[in-house]
Amino acid sequence: GEALRHDREVVLSAVRQSGRALEFASAELQGDRELVLEAVRRDGLALEFVAPHLRADRDVVLEAVQQAGQALRFADGLLTADTGVVIEAVRQDGAAIAFADERLLDSLG
């Protein structure tokens, strides 16, 4: 159990099957950029289980919202105000607009 949560190869194999397996990874592996990218490419909503510093990583968040627009809810606040990120999220799922920063929405119109 516990040892497997820290085993990078085991966790990498798991997230390749199901991105949300990231939930069960150690905190250290939830902050492993390569592993996190694999997870959010499979299931954008796995962003929920990503270390905070990677929720602020534009590339990670873009991958997540392109797979599942609603992953925008788990992105760092700065990225919910990033026009490019929000457009990608809404393109994937119109309902993702609910998670866009209000200041961005005000500036758009």
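Here the structure is shown first, and the text comes after it.
Residues numbered from 1 in each chain as written. Predicted model: local features only at pLDDT ≥ 70, side-chain atom pairs only at ≥ 80, totals over all residues. Heavy atoms only, no water.

(A) Region of interest: the side chain of Q30. Tracing the backbone through its elements, the reader meets Q30 in helix α3 (residues 27-30). Among the residues examined, Q30 registers a relative accessible area of 16% and is labelled buried. In contact with Q30, other than residues within four places in its own chain, are L22, E23, A25, V36, F49, V50, A51 and L54. (Helix = DSSP H or I, 4+ residues; strand = E, 2+ residues; numbered from the N terminus. Buried < 20%, exposed > 50% of the residue type's maximum accessible area, 1.4 Å probe, protein only. Contact = heavy atoms within 4.5 Å.)

(B) Representation of the environment of Q66. One can find Q66 in helix α6 (residues 58-67). Here the alpha-carbon distance between Q66 and L12, two residues 54 residues apart in the chain, equals 21 Å. If sequence neighbours within four positions are ignored, Q66 has contacts with E88 and Q92.

(C) Up close: helix α4 (residues 33-42). By the burial criterion, the buried members of α4 are L35, V36, L37, E38, A39 and V40. Each element contacted by the buried residues of α4 is listed here: α2 (8-17), α3, α5 (52-55) and α6. You can read the cap of α4 off the contacts: a side-chain oxygen lies 3.2 Å from the backbone nitrogen of E34, and it is on D32. (Polar contact = N/O pair within 3.5 Å; in protein donor to acceptor, adjacent residues only side chain to side chain.)

(D) Structural view of the packing of α2 against α4. Between α2 and α4, the shortest axis-to-axis distance is 8 Å and the interhelical angle comes to 20 degrees. Taken together, the axes of α2 and α4 are roughly parallel relative to one another. Crossing handedness for the pair α2 and α4: left-handed. Counted together, R8, V11, L12, V15, R16 and Q17 of α2 and E34, L35, E38, A39 and R42 of α4 form the full contact between these two elements. When its residues are assigned to classes, the contact of α2 with α4 shows five nonpolar, one polar and five charged. (Axes fitted to C-alpha atoms, helices over the stretch in contact; angles between N-to-C directions. Parallel < 35°, antiparallel > 145°, perpendicular 65-115°, else oblique. Left-handed = near helix turned anticlockwise from the far one by under 90°. Nonpolar A, V, L, I, M, F, W, Y, C, P; charged D, E, K, R; others polar.)

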